[in-house]
Each structure stands twice: as structure tokens, then as C-alpha cells.
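As a plain string of letters, each chain reads:
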Amino acid sequence: MRFDTPATTNPIDQLRVVGKPVDRIDGQLKTTGTAPYAYERHDVVANQAYGYVVGSAIAKGRITSIDLSTARRAPGVLAIVTADNAGRLEKGRFNTARLLGGPDIEHYDQAIALVVAETFEQARAAAQLIRVDYVRAEGAFDLADIKDSHGGDDNSAVGDFAGAFVAAPVKIDGTYSTPDHSHAMMEPHASIAAWDGDRLTVWTSNQMINWTKGDLATTLGVASENIRLISPFIGGGFGGKLFLRCDTVLAALGARAAGRPVKVALPRPFMFNNTTHRPATIQRIRIGAARDGKITAIGHEAWSGDLPGGGPENAVQQTRLLYAGANRMTAMRLAVLDLPEGNAMRAPGEAPGLMALEIAMDEMAEKLGLDPIEFRVLNDTQVDPENPARPFSQRQLVECLRTGADRFGWDKRNGQPGRLRDGRWLVGMGVAAGFRNNLLTASGARVRLDSSGVVTVETDMTDIGTGSYTIIAQTAAEMMGVPLDKVAVRLGDSAFPVSAGSGGQWGANNSTAGVYAACVKLREAVVQKLGFNSADAVFADSLVSSGNRGVPLAEAALASGLVAEDAIEYGDLARRYQQSTFAAHFVEVGVDVATGETRIRRMLAVCAAGRILNPKTARSQVIGAMTMGVGAALMEELAVDKRAGFFVNHDLAGYEVPVHADIPHQEVVFLDETDPISSPMKAKGVGELGLCGVGAAIANAIYNATGVRVRDYPVTLDKLLAGLPEA
Amino acid sequence: MRSFTYERAGSPAAAAAAAARTEGARFIAGGTNLLDLMKLEIETPTHLIDVNGLALDKIETTTEGGLRIGALVRNTDLAADERVRRDYGLLSRALLAGASGQLRNKATTAGNLLQRTRCPYFYDTNQPCNKRQPGSGCAAIGGFTRPLAVIGTSDACIATHPSDMAVAMRALDATVETVRPDGTARGIPIAEFHRLPGDTPDIETTLAPGELITAVTLPKPVGGKHIYRKVRDRASYAFALVSVAAIVQPDGTGRVALGGVAHRPWRVEAAETEMPRGAKAVAERLLAGAKPTDENAFKLPLVERTLGAVLAEAKG
């Protein structure tokens, strides 16, 4: 189904099932511990052996010798894979560094060997017996040190930014920084690989089945059609599992070497130095405005680093779209760093970009003597500021801010910082705009009706804890006129039609639109089979009806069932309209006047993100994202050892993420919105929107509480102490 | 994890004797720290002596009016004990500020005293660490030092002791009771129990080889207000950046010990004479000679400010 004109009324608009806060259909499997996660699939193939990965002890250089002899003799060892014996390996399209290193080393903890043994403990113990000698090479590990040695890329410019900024009567010019972040998902990367002749099956934990299947085929030099990837349940990803990683490649290589199935899970420290992370940024923001508060010049530059061949963190992209202003520029500058590979983490670009931009907006509002909400409202735009002929498909940022202000009691905020005290706590409120683009990508599905009236959906879409199973079931139930318990959903298998996958908050809208397309086809087949006129047939209550005639849906299936497959494909609506999602984040914090410890008191997110397919799963996405925003604002930082070139705090004791005690109260409001430009579902993404802007809202609240402006995340107590009053 | 042999000891003295007899032996109780370190091969014992069955899990009143806490009393039980909560509130509060409910259910009194540092370099076997591998060097010095020690450090080690409980024990003047491999018992004042790193940061206590902790005794209650204030980046389940354990008497005198700043719970009795003069005066003497890094110099004003808040709370 090609979607190239705005949606009109369709069966989804009935909202009998879609839009309802139904429980997760996979909830019982999760709560009873019976959802099969990759590493626990003991039953899928017999005779599984265990692989343990060895990582490089240096960040950059070369292995001069690798002694496997002791490890080979260790109890239970079946095989050891290294670059020397693995055969020729190519690099996947989505990988920057090679997944099996050696002799050249590109980053710390780059995998250099896999030990396969009868038991996990034997593999781990033998891995410690491998002796490796290295020659270290000079590496670059400090972004701040080298940022100026790299030129500009990807500039956007409209009008005369430099001239307008100089001429502006009110302006700020600030530098902000965000540190490297880890996805820190609960389930580590894990795979079980089994060969059957030339055919390879991998049970894994991955967000993007088709990308990963393709890159696995490329890496191993195996025909893509000979590979099957199965990933029905995923214990969190946040972008860390978008790509093929070394667990999958090494499980496949280990299985080939050992001649039997092999399972590999990455140890926790590998989450930090072996897999990808969100790169640190340094950002310079300049905003100039007239005295009435209208922005006349806005410029945003961002520096980030990555391994050679890697990409920048696009921290400037929201600045091209969020606020009006005739004169504008953005630039991304990419430095070569020899730290582990940088890549996408939840809301890549916007998350760190808004952490900076929305502090700058707060500073600018103060300088203009304007309320931070009024300043943002004043500079709202309903069109792409770089191309005013291109409107936003929907843009309710102002409504988000106004609604939030009412709900949160923003009028109680004292605009003078450091004035409100509650016992030992300095109390403040902060606000920030949330913005995240809505991305459209083709997505396919197959639907099958059987003679008992059950509709089964198959697609390689994944559920990374987001609720994909449930919203896909709701979509099929709505389209086919059956209750939810008559829908079965099967996901995450490369044998199913290729979907959008889970990433970039594009999964919900695109994958359900793909299911919609397949269901439209199935409805046509049903109507034809039952001899109805397709235009007026109604699907409801497990019946197909027209006029006085009603026939059970199941009758269309016959014994063999009825199958339809289709995909949603998009025309040029994304070019003609800017599609984005919007939010306003409100936060109240307390800062301990003596210790500088910041504790969240309450949070509110008001979101405008198209049709909300399931308010319950959507809310879970948003509160999870808000929690991640608390982490980014207050504690998350991969500490770089700038001499040895690695992330030092590589476990969950050292890399702190919020715990329950950090999150006392969260509220989420979804504005009533449908966006007919985005898809037949009229939905958009929301899972990353919930993160975008949260960090700045917290930093702004801390400023309001204390009068201390911190532009360098995370806002930890050591950055506040000097500015706090005598306790 | 390396392979090891295992035995269940029959008595404290037998356990100590077995430990002295067997090269590379370690006692195991709750295992909340040791097992993690064994998996990473930071600890590589060849023999484990399980002391869980030694009936050292009682809290008894001593003839001096204090408490004798068995080495195997779990942190949860110790924190919840009525006598501890009434007379040694500092200890109860310190315990509850540490770890998580699950860990406290498992962790023992003696094990808590003996837990290893959380210096991240100690945990990375690719990095040199004098504590893990004597003589290999210290990667933390000149590296990421924000959580590390500011006082009592050496050129060999700047690690901190991670315990909250031990800080309270230090302020309470606890005594560590032990049995030696020859069967004799002794009491080690807590002030002499943990060592500074010096040139041998791998040797963390004054226990002799094979010596087994059997109990920790507390002197009779000293009264006063008991405040344990733990400062950290997140609200729970994090090691202290700085912690202050204070006992403050109505006349403003009292005791102060610090966590998160040194290789052992940090107390300078001479500084306590300054308590009536306020936090600044106490902190100056407590932290005299501190050698922080650029990254952890904030701990010095943080100690003073936290102590100020604690003293104010004690007055209030």
C-alpha cells in the first residue's frame, strides 16, 4: 500500500480497540518468567556449548602475539576463535569497527577471541588463560583537546546569521557539554547460533532484524537467504541493539569451529567498552533577539568524536526546526577519537541537542526578562523555518506548554532563582520544550485468518519492551472486527515480512501501518470470498455484514486459512510536510542546601504525538524516557580514562542510572491529536519524545532553585557547591 | 573463576587453623563481594572455608553493658535489632544507607568490614593495580579519581573503603574479636583494624593470616544524637561520595567519623575537641594533610558542609 495522500476516514478511526489502554498481551509471559529471551533458549536446539568473549586490553595498537596453548588445554574447551583462524570477515554496513579485532586493535574491549567450552564457567576460566602481547599506538581520547583540529561538516545556513547575531540587542553565546552515555539496558547482547550445513539460525536479542541479518550475511560471506534470525523478546535496547554486534558473529564463528550450537552473552563490562554508546558532545549555541523577544539569529554548532569512518552525533538537528528566526546556521563537526564506537542511543541527536538548546533558551528568556514559556511561545513556528513553504503536519508545542503550565502550577514558580526554601531543600521549577522527528519507513506484515476466526499477524517487527505486540494486536483487531483474544502476534523472525523494526521512535506508527495495509488486503480477500460488495462490508463482532446479511468472519477462512501480505510504503508527504512530535517537560527539584544533592520532586510531560495507539504502553514509554532524562541530567557519565582510552566505570555500580528512590512522581498527558499526514494510523512516535528536553528542564529547575547555572552535564553536586549559600 | 576446593568449618578455631594451613584459602560467609571478585578473577582463592555454620549469628548484651554482634549477623538483622536501633542508632542508619535489601539480607557483619574497595581500576584486570597485583602500579592515580580518596593516600593507592557500617563502628569505638590459627582469641580496636594503603595496599587490615573474625563488640551506649548522613549522586544504591557519622551530645561535644574519603573509616579524635566550635573547625583538623586530586577536591568542602548540616540537625 502506497501512502502518498493524507489519510481520510478508515476503520482505525472507529477506535473500538485502538486507542484503548489495554494491558500488554505479552504481560503474562513477562510476569511469569516464561517469555523466551535469547540466552535462555535451551530448548530450541540440542547440544549447546558456551562461548566467552575476550576483549582487547588496549585501546589502539596491534597484537604482537596471542598464546592460546594453555587455554586450549583447559578443561572443557572445544574451540577458540581468533582473527587468525576465523577466515575472511567483512565489515557490516552498520559497523564502524570490526566485530572481531586483531591483529589491529581499534578500541578497548574490541573482541579478539571467543573461547568455546562445554560450560559457561569453563569458557570463562579458559578465557583468562589466553596471553596476549600488544604494541600500543598513540590514540586520541579527549574530545575537548582535539575538537578544534577538525573542520565543519553538514552546515545549514539561512539568511545572514553572523550579521544578525552581531546586530541583535539581546544575545547569548554559550558552550555546553554532554558526556558519553551508555544504553545500560538490562539484558546484555546475547545470541545462540546453530549451523545446519550452510544454513545458519541465530536466536538473538536485536531491534532491527533485517539490518542485522544483512550485516551478518555480509560479515560472514554467507548468502542472506541462508540466515534466519529469531528475536521475539528483547530485554531493552535503547539503540544498543540496532546493529549486528560481536555476540552474534562470534556465536556463529564459534559454532562453526566447535561443530555444534554455541551461545554467547556479553559480560556487563562489554556493554560499555565493546558495544556502542551515545557520543559526548560539546556544543556552542548563539541566540540573538530583538528586545521584544523575537529571535533574529540562532546558531548551533556541535562537536563529537568517533572512530575513523564513524559519524557525528547530530545534536543540532532540532535547532533547524524548533524555533522561528530569519537568520540561522548549524554545523556538526566530527573529530576522530579512538574510544569505543559511538552510535545511536535513544533520540540520537535531539536528546543531547536539547539538553544544550533548552538551557540556552532558559538563559535567553531570563536575559530578555521573559517567562521561559512565553519566550518559547513567542518564537513558535508552524512552518519549517528554513523553508517556510513547508508546513508542519501537526505542531502543538504551544498547547503542550500551556497545558503543562496549568497542570503543573507554573504560576507558582518564582522567577527569581534561589528564593524558595523547604527545610533543607532549595526548591525550583524548570521547563523545556521536547522535540523529536517522526520518521517514516516502509514496513510489511502478513496476516492469516483461520477457520476458528483467529487472526495471526507475522512481521519481523520487534518488541523491545515497548508494547509492539499489543498495539499490533489492537490494529489487527480493529481492522478485522475481532476481539483482542482472537489475535495472535508473532514478531522478530526474519522468516516474516520485513518491517520498520524498533528504533528512532519509528516502530509503532510504521509497523502498525504495515499491519493496517496487510489487513486491508485480507479484508478484500474476505469480502470476495464471502461474496460481499467490498465498499459497504462492515467488520465487527467477528462478523462481516452488509445490509441484512451477516456472516461469521471465520467462514471466509475455510480449512486452509486465508492469507494476505502487504507493506506500507510512503510517498513524498515527508518532503512536503515536516513531521515531528512535540512535548513540554516540567520538573520540580529540591537541591540540598548543604550537600548540593539534587532530588526530583515531581515531573510532568505533555506530549503531542499524533494518535496514541495505547495510552497505557505509551505512558510507560514516556515515563521510562523521563527517567532516562533524569539519569542524563543528574548522574549518567561514562568516565573516560584519557591516557588509556577507555570508559572506566564499566559496570552498573560505577555507571549510575536512576533507581526508584530518584523518581517520586511522574505524570504524562497526551494531547488529543491525529496526524493524517503521517500514516493511515494517524499516529507518530512517542518513545523518544519522552526523553527529549527532560535533561534541560532539570538543569533549568536546578538553576531556578539555586541560581547556579551548570552547562556541563551531568549536573552533579560538585558543580553546584561553590554557588550554594552557606549551609 | 578458578577452580577451588571447599570445606565447611566445624568451629571458629578449626576454620582459622584450616585457613593458615592452606595456601590461598579464603573464608566465605555471605559472599556478596567475594563471589563477584572471583568471577572476575580479581580474587582467586584455591580453597574456600565456609563459616556460615559456625553459629556466630547472635547479638548478645555484654557484661559491660554493650553489645556483642556475631560475625555472621546479617546486615538486615543487625539494622533491625531493637537494642541497636535504640542505643546505637548510628549503626542502624549506616547499615540501611548501604547496598540494597537483597544484599543486606545476605551480607554479614564481618564480611562488611572486609569488603574490598570499589575503585574502578581495581575491577578492571587489564589495568595495573597495586591492591590487586602488588607492584603493578596504580592506574587510578592520574586517571578517573572523582570517587576516590582524598586523605591518607599513598603513591601506591588512592582507593577508598566502601563500607557505611564500618564508619559507624569507628565512631562507636567498636572492637573486632577474632580467633587466631593457634586457637587464641584477641580483640582489635576498630581504630587499628583497617590500614592505610602505604606501600602495601593489598594488605587492608591488621588481621594475621588465617585469623577469623568472630564478633564485633560495642561498648556501652554513649547516648547523644546519632546521625548518619550519606551523600551520593543518586538517592539510593550508591557508594558514598562522602558520609558523615556523628554522635552529638547535648553540650555540643561528640564524635565524628567519615566515609568515602580514605582507605579506612576516617576519624581523628583530636578534631572532635573542636565540635563545639562548629563544622569548619572540625573539618580543618579532620582533613589536615588531605591530598585530593582536581576531580575529587570537592570532597573537602563537601565534608565541611555536610558536617555543618549534621551538627545543625543535632541541635534542632
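Please read these numbers as outputs of a predicted model, since none were measured by experiment.

Enquirer: Which parts of the structure should I look at to understand the overall build of chain B?
Expert: Counting its secondary structure elements, chain B contains 10 helices and 11 strands. In terms of C-alpha radius of gyration, chain B reaches 19 Å, essentially the compact-globule figure of 20 Å for 316 residues. Once the C-alpha set of chain B is aligned to its principal axes, its extents read approximately 55 × 50 × 30 Å. Across the 316 residues in chain B, those meeting the buried criterion constitute 56%. For chain B, the share of sequence-separated contacts (at least 6 apart) that also reach a separation of at least 24 residues comes to 61%. With an accessible surface of roughly 12,600 Å², chain B has 50% of that area assigned to carbon and sulfur atoms. Taking the average location of the 39 positive side-chain charges in chain B and that of its 34 negative ones, the two points are 4 Å from each other.

Enquirer: What's the story with the side chain of N206(A) in this structure? I'm lost.
Expert: All names here are of chain A. Within the secondary structure, N206 is located in the loop between β11 (199–204) and α6 (209–220). Within the local environment of N206, its side chain forms a polar contact with the side chain of T212, the two groups lying 2.9 Å apart. At 3.3 Å, the side chain of N206 and the backbone oxygen of K241 are in polar contact. If sequence neighbours within four positions are ignored, N206 has contacts with T212, S231, I234, K241, L242, F243, L244 and T462.

Enquirer: Any chance you could explain the nonpolar core here in plain terms?
Expert: Taken as a class, soluble globular proteins show a tendency for nonpolar side chains to be buried jointly. If you look at the biggest cluster of nonpolar residues, it comprises 120 residues, and the most contacted ones within it are I287(A), L322(A), F586(A), V589(A), I698(A), L258(B) and V261(B). Examining the composition of this core, we find that 11 residues originate from one element, helix α9 (residues 350–368) of chain A, more than from any other. When sequence neighbours within four positions are dropped, the list of residues in contact with V589(A) reads L426(A), V427(A), G428(A), T598(A), R599(A), I600(A), R601(A), I698(A), A701(A), I702(A) and A705(A). Counting 69 residues, the second-largest nonpolar core is a separate cluster that includes V81(A), L100(A), L253(A) and M271(A).

Enquirer: Sorry, what's going on with the interface of chain B and chain A here?
Expert: A common way to state how big an interface is: give the accessible area lost once the parts meet. Counting residues at the interface gives 33 residues for chain B and 37 residues for chain A. Applying the counting rule to chain B against chain A returns four salt bridges. Across the pair D592(A) and R229(B) runs a salt bridge, and its minimum N-O distance is 2.7 Å. At the junction of chain B with chain A, the criterion picks out 20 residue pairs in polar contact (both at pLDDT 80 or more). For the side of chain B that touches chain A, the element with the highest residue contribution is helix α10 (residues 299–315) of chain B, accounting for four residues.

Enquirer: Is there a simple way to think about the domain arrangement of chain A in this case?
Expert: All names here are of chain A. You can read the domains of chain A as domain 1 (2–33 + 440–574), domain 2 (38–138 + 183–273) and domain 3 (385–438 + 579–723). Of note, the centres of domain 1 and domain 3, computed from C-alpha atoms alone, are 34 Å apart. Taken together, the contact pairs 36 residues of domain 1 with 29 residues of domain 3. It is L440, Q505 and N509 that lose the most area in domain 1 upon contact with domain 3, and together they represent 27% of the buried surface on that side. Here domain 1 is connected to domain 3 by three salt bridges. Between D13 and R611 there is a salt bridge, with the nearest N and O atoms lying 2.7 Å from each other.

Enquirer: I'm lost on the environment of V336(A) in this one. Help?
Expert: All names here are of chain A. Within the secondary structure, V336 sits in strand β16 (residues 327–336). On the basis of relative accessibility, which here comes to 35%, the residue V336 falls in the partly exposed class. Considered as a pair, V336 and A405 are 69 residues apart in the sequence and their alpha carbons are 43 Å apart.

Enquirer: What am I meant to see in the pairing of strand β15 (residues 295–306) of chain A here?
Expert: Remember that side chains alternate between the two faces of the sheet whenever the strand is regular. Residues and elements named next belong to chain A. Counting buried positions along β15 gives 11 out of 12 residues, so the element sits mostly inside the fold. Relative to β15, strand β14 (residues 281–289) runs antiparallel, the two sharing eight bridges. Looking across to β15, one finds that I282 is bridged to W303. Count of turn residues in the β14/β15 antiparallel hairpin: five residues, of which G293 carries a positive phi of about 100°. The sheet contact formed by β15 and β16 spans 10 bridges and is parallel. Note that in β16 the partner of S304 across the bridge is L334.

Enquirer: Would you mind going over the sheet that holds strand β20 (residues 425–437) of chain A with me for this structure?
Expert: Sheet strands associate in pairs through backbone hydrogen bonding, adopting either a parallel or an antiparallel arrangement. Residue and element names in this part refer to chain A. The sheet built from five strands is open, its strands ordered β19-β20-β28-β29-β32 with mixed pairing. The sheet terminates laterally at β19 (421–422) and β32 (666–670), the two strands that pair on one side only. In terms of strand pairing, β20 meets strand β28 (residues 580–592) through 13 bridges, oriented antiparallel. Bridge pairing in β28 links N437 to S580.

Enquirer: Would you mind going over the UniProt feature "domain: FAD-binding PCMH-type" (unreviewed entry) in chain B with me for this structure?
Expert: As annotated by UniProt and renumbered to match this structure, "domain: FAD-binding PCMH-type" (unreviewed entry) occupies residues 1–223 of chain B. Helix makes up 25% of residues 1–223 of chain B and strand makes up 16%, while its end C-alpha atoms are separated by 47 Å.

Criteria and cut-off values
- Residues numbered from 1 in each chain as written.
- Chains lettered and ligands numbered in written order.
- Predicted model: local features only at pLDDT ≥ 70, side-chain atom pairs only at ≥ 80, totals over all residues.
- Heavy atoms only, no water.
- Helix = DSSP H or I, 4+ residues; strand = E, 2+ residues; numbered from the N terminus.
- Rg over C-alpha atoms; globule rule 2.2 N^0.38 Å.
- Buried < 20%, exposed > 50% of the residue type's maximum accessible area, 1.4 Å probe, protein only.
- Contact = heavy atoms within 4.5 Å.
- Areas by Shrake-Rupley, 256 points an atom, 1.4 Å probe, with all protein chains shown as cover.
- Lys, Arg positive; Asp, Glu negative; His and termini not counted.
- Charge placed at Lys NZ, Arg CZ, Asp CG, Glu CD.
- Polar contact = N/O pair within 3.5 Å; in protein donor to acceptor, adjacent residues only side chain to side chain.
- Core = buried A, V, L, I, M, F, W, Y, C linked by side-chain atoms within 4.5 Å.
- Salt bridge = Lys/Arg side-chain N within 4 Å of Asp/Glu carboxyl O.
- Domains from an automatic or database assignment.
- Buried area = accessible area lost by both parts, 1.4 Å probe.
- Pairing = 2+ DSSP bridges.
- UniProt positions renumbered as here; feature names shortened; annotations may be inferred.

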